[in-house]
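# Remarks on the overall topology
Here is what each chain is made of, one letter per residue.
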Amino acid sequence: MNTPERDLRLEMLNSLLTTPHRKLEQVAEVHKLIVELDPLFYGHLAVWYQRHGDVRDHKEVFIAHLLNSNLTEHRDAGFMMLQEFPPYQVARVVDFMKQQQNKLPRSARTAVRRYLKARESNPALFDRAALRGRKAMKHLYASLHIKPNERANAILFRDTPPEGSLAYVLKQLAKAETPAEQAQLIVEFNLPYTIAIGAIKQLTPVVLVALINSMTPQEVINNLKSLQAKGAMDHPQVKQLIDAKLEEASKSGRVAAFKAQIAVDGADLDADTVAKLEKVTNEQVKRRGAIARPTALLVDKSGSMENAIAVGKQLAALISGIAQAELYVYAFDTMPYAITAQGKELTDWERAFQHIRAGGSTSIGCALEAMRKKKQVVDQIILVTDEGENATPYFSEVYKTYCRELAVIPNVVIVRVGTHYNWLETQLKQQQAPVETFTFAGDYYSLPNLVPLLARPSRLDLLMEIMDLPLPVRDDK
């Protein structure tokens, strides 16, 4: 790989750490560049991210670029991958293509037509899609001038749903007089919480039990704040049911790794529930892979580096849960602070970091110098920093000595935070040290995207794994 290609691929992997919050244009440019300059890699990366990624915004931009690609293989892969999306994401892909790419090719229109007709042919599938994504479904039919069949038209546009449809059941739920009737309808038809809650006049424990029973583990996590506000945590039977769903979430393959942690931050939950949510996070991170190489995590605590400390705690918890070899954690300003936790949970690392405060000048090399003197040998070093360094020992100088004396060449992964520079990266590249840089500009639940890189011997191994994934082949040709 030549230098421009290598940098572009790294920029693409780096962009996966961002969370645009539905502002797809924020990540569109790097997608556009790499699909033009390295379309072969881009197609395989799209498939890999569909399977392993967490950020929905990136998944949508991947599909949009595949559907708009000049390569038949890309368009066919995008065609098939679009069929797996819920309606609201399909609508967002279509809108992105129209607004940001200024075109919606025939293959994309055909993909959406197939998507809608496949659901029309399966009333149960259509009803579930229309109930959860009514606005998106209407938008797809109307904006692409796709004629719905009679049943779809009655449900979506005439608002006269046929008896037996979920939309009809929802109307019956709104008319139900007693909690028992409401609960029976919710259980019998598995009505989703976010839809049913708007049709219920009085929320009783009986109705709450029925609603929670119908929720997926991810839905319970997403709606914990709402459930708490509605008194669900105050009823032992209801709380027990929530706990069971959280236990199930730790084993599910369909739960976003850091969504549980966001739920902790967003609600005032009891200690037992917080512990269960942290277990969900830890178990989901473990599904990403194991880190078999000795690793050092060095966290900048110099002036204005509060953000680095916060990210460092999260990374320490993430890495320690999947580390199968030594993990050394240091905070640093102009002197190193060795940090050890009594366990592997985020709460353990919160306690371990509790006396670490941002302040002082910066010697990124001081922590590595401490490791050199203690003969702590690692194969990779993760630096959480803005790359600013104004005091000796300097990292690039210590790194050379560390490599020579301990007969090892660790890979350096710089996780940039705050208003960052490229000073350290430049110094390391000048001495041909293996270095990767990632700019952390997103939410914490995107941090698990670092795991695939940390769990493999090198970035080349990750790229080879991505390239080995076959593109989906369109099955209707």
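A short tour of the structure in this document, coming up. These numbers come from a predicted model, not from an experiment.

Attention now goes to the pattern of salt bridges. Summed over the entire model, instances satisfying the criterion amount to 22 salt bridges. Here Arg-132 makes a salt bridge to Glu-219, at a shortest N to O gap of 2.6 Å. With a gap of 87 residues between them, Arg-132 in helix α8 (residues 123-132) and Glu-219 in helix α15 (residues 217-222) connect regions that are remote in the sequence. Since its relative accessible area comes to 42%, Arg-132 is described here as partly exposed. Between Asp-272 and Lys-276 there is a salt bridge, and its shortest N-O distance comes to 3.0 Å.

Assignment of secondary structure puts Ala-210 in helix α14 (residues 205-214). Setting aside residues up to four positions removed in sequence, Ala-210 forms contacts with Ala-183, Ile-186 and Val-187.

For the rest of this paragraph, the subject is the nonpolar core. Ranked by size, the top nonpolar core spans 89 residues in total, and within it Val-112, Leu-315, Phe-353 and Val-384 carry the most contacts. Examining the composition of this core, we find that nine residues originate from one element, helix α20 (residues 306-322), more than from any other. Every residue in contact with Phe-353, bar those within four places of it in the chain, is listed here: Val-299, Ile-309, Gly-312, Lys-313, Ala-316, Val-329 and Ile-339. Residues Ala-199, Val-209, Val-220 and Ala-249 belong to the second largest nonpolar core, which totals 35 residues.

This brings us to α20. For α20, spanning 17 residues, the distance from its first C-alpha to its last is 25 Å, which sits close to the expected 24 Å at 1.5 Å a residue. The element α20 is largely enclosed, with a buried count of 13 among its 17 residues.

Glancing now at helix α7 (residues 106-120). The end-to-end C-alpha distance of α7 is 21 Å, a good match for the 21 Å that 15 residues give at a rise of 1.5 Å each. Residues of α7 that are buried include every one of Ser-107, Ala-108, Ala-111, Val-112, Tyr-115, Leu-116, Arg-119 and Glu-120, and no others. Against α4 (56-67), α5 (72-82), α6 (87-100), α8, α9 (134-143) and α10 (150-156) lie the buried residues of α7.

Calculation criteria
- Residues numbered from 1 in each chain as written.
- Predicted model: local features only at pLDDT ≥ 70, side-chain atom pairs only at ≥ 80, totals over all residues.
- Heavy atoms only, no water.
- Salt bridge = Lys/Arg side-chain N within 4 Å of Asp/Glu carboxyl O.
- Helix = DSSP H or I, 4+ residues; strand = E, 2+ residues; numbered from the N terminus.
- Buried < 20%, exposed > 50% of the residue type's maximum accessible area, 1.4 Å probe, protein only.
- Contact = heavy atoms within 4.5 Å.
- Core = buried A, V, L, I, M, F, W, Y, C linked by side-chain atoms within 4.5 Å.
- Expected span 1.5 Å × (residues − 1).

That is the geometry; function is a separate question.
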